[in-house]
Amino acid sequence: MVNLTTLDLLLSSLFILLLAFLSYRHRVKLEKKILFSSLRAALQLLFVGMVLQTVFNYNSIYLVATISMLMVLLAGYEIQARQQRRFLGGWGYLNGTVAIFISSMATALFALLFIIEYDPWHHPQYAIPLLGMLLGNTMNGISLGMDRLTSSVWQQRRVIEARLAMGESADSAIRNLRDEAIRTGMIPILNSMAAAGIISLPGMMTGQILAGAAPLEAVKYQIMILFLIAGGTGLGVMAAVSLSAKRVFDSRDRLRLERIS
Amino acid sequence: MYLISIKQLTTHHIGPIDLSIKKSETVGISGSSGSGKTLLLRAIADLDPHNGELQLSGKDQLAFEPSVWRSRVAYLATESHWWGEIVGDHFNGDSEPWLELAGFSQEALQWSVERLSSGEKQRLAIVRQLIRQPILLLLDEPTSSLDSKSAARIEKMLLTYQQQMGAAIVWVSHHHDQLSRVSSRIFEMKSGKLQQWSTEELNNG
């Protein structure tokens, strides 16, 4: 593996500077955002790198568990923050967090215990990156799905109520919107599976290969990760969207839009 | 015995309202925009949260499954909303007798919703509700956007249904002449409360 120096990183930042300059020159007005986001990403990653280094040194199950929980809570927050229309009160946060907790944790634990089977199974070198990959992707799916559901319920409120007024149950009146929202949440991962290897080389695999792993070994890992992500995302999206679809109605099957901002 | 009896009905914006309606009776409600007429109909249909006691044929609203209540008590919004491409997507059950009553043949089920005229749309929206054979119709200005010919047709169709099924009707309208034509009692909604018109006011239209 070729180790990168600070100078190497600075060299790679030249493109960011070029981009910011072009944005300024052409009045795209993104230069501040470009610089800030790049700096923020670099700092966040450096911080995580230091944290991971420490965690690897300690290799304690409690530390891994604490960090995992923190990651889940942050992902839950991020899901809520990405919603255009949110559920009021703590409910929206709770829903997204529970869904991502169940789906990501379940798939990560399954992979650690039955697929990777490293000794000890909770070794941070495997547990943290795996959970991170799963969280990042399920988070995307869940927030897309929930956002689609709440916005389409809002747009189609009259239709939903017309169906209720015809004696349909809440479940039947919202079924097509719910299914559409689940599809929306699943599309990114399905697309990236379809494109994997042909149009794009997945980041994880690329990283492993750059770091010196044999391509076939890297590919095997990538396949496993893709399957886990698809499974986790699907479970998470279904859980979050279904719960949200119930939450827009009350116990008398009345549409309660005041629960959404 | 009343078909529907409403006692002390309140929501955030309207009430308290007491109203009892017999089988085959039509009650008219007029009132300015924003006086709460629609809110009253929506509360009776259990589409909005509300307090108070509602009984249908002596049975409490809460004893009905929501979907069963809304099949018996059909709310017809001023503007109809459609989700499928063709008319038939919105119908389940035997639509034939009701389509006929509304002056349509079975072919109408294949029509594209987008191509319907506003009169056809409203008549089909009513047919959509009648298939479930509701015993109480809550009509929210059912003819407000229609010309007088279409309006007369809809009036006739609803009253025929009423005669056949013994259904009760709550008819909200701005047209006093329409209300005095179709209803036996007329109320005015004023800042969330119902006031009955005297017979004199009724006769003067």
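Predicted model only: the values in this text are computed from it and were never measured.

Draft legend 1. Molecular detail of the pattern of salt bridges. Using the criterion set out here, one finds 19 salt bridges over all chains in the structure. Between Arg178(A) and Asp179(A) there is a salt bridge, with the nearest N and O atoms lying 3.6 Å from each other. Its relative accessible area of 17% is what places Arg178(A) among the buried residues. Using a relative accessible area of 28% as the deciding quantity, one classes Asp179(A) as partly exposed. Notably, a salt bridge pairs Glu180(A) with Arg183(A), separated by 2.8 Å at the nearest N-O pair. Note that Glu180(A) and Arg183(A) are positioned in helix α8 (residues 170–195) at a spacing of 3 residues, about one turn of the helix. It is possible to trace a salt-bridge network through shared partners that takes in Asp250(A), Arg252(A), Arg254(A), Arg256(A), Glu258(A) and Asp46(B).

Draft legend 2. Spatial organisation of the interface of chain A and chain B. Listed by partner, the interface residues are 16 residues for chain A and 21 residues for chain B. Where chain A abuts chain B, roughly 1800 Å² becomes buried across the two surfaces, and 54% of that area is made up of carbon and sulfur atoms. Looking at the side of chain A facing chain B, the largest losses of area belong to Met166(A), Arg252(A) and Arg254(A), adding up to 43% of the total buried there. Inspection of the region where chain A meets chain B yields 3 salt bridges. Across the pair Arg42(B) and Glu161(A) runs a salt bridge whose closest N-O atoms are separated by 2.6 Å.

Draft legend 3. Expanded view of the pairing of strand β4 (residues 51–56) of chain B. All names here are of chain B. Across 5 bridges, the pairing between strand β1 (residues 4–10) and β4 is antiparallel. The residue of β4 that forms the bridge with serine 5 is glutamine 55. With 2 bridges joining them, β4 and strand β5 (residues 59–60) adopt antiparallel strand pairing. Looking across to β5, one finds that glutamine 55 is bridged to aspartate 60. The hairpin turn running from β4 into β5, its antiparallel successor, is 2 residues long, and serine 57 in that turn takes a positive phi close to 45°.

Draft legend 4. Structural view of the domain arrangement of chain A. All names here are of chain A. Split into domains, chain A comes out as domain 1 (1–58) and domain 2 (60–259). For domain 1 versus domain 2, the separation of C-alpha centres amounts to 27 Å. Listed as interface residues are 6 residues of domain 1 and, on the opposing side, 9 residues of domain 2. By the criterion of area lost to domain 2, the three top residues of domain 1 are Met1, Val55 and Phe56, representing 69% of everything that side buries.

Draft legend 5. How the structure looks around the sheet that holds strand β2 (residues 17–21) of chain B. Residues and elements named next belong to chain B. Strand order in the open sheet formed by 4 strands is β2-β1-β4-β5, and the pairing between neighbours is antiparallel. The sheet is open, and its two edges are formed by β2 and β5, each paired on a single side. Strands β1, β2 and β4 of the sheet are contacted by helix α1 (residues 37–44), whose axis makes an angle of about 120° with β1.

What counts and what doesn't
- Residues numbered from 1 in each chain as written.
- Chains lettered and ligands numbered in written order.
- Predicted model: local features only at pLDDT ≥ 70, side-chain atom pairs only at ≥ 80, totals over all residues.
- Heavy atoms only, no water.
- Salt bridge = Lys/Arg side-chain N within 4 Å of Asp/Glu carboxyl O.
- Buried < 20%, exposed > 50% of the residue type's maximum accessible area, 1.4 Å probe, protein only.
- Helix = DSSP H or I, 4+ residues; strand = E, 2+ residues; numbered from the N terminus.
- Contact = heavy atoms within 4.5 Å.
- Buried area = accessible area lost by both parts, 1.4 Å probe.
- Pairing = 2+ DSSP bridges.
- Domains from an automatic or database assignment.
- Axes fitted to C-alpha atoms, helices over the stretch in contact; angles between N-to-C directions.

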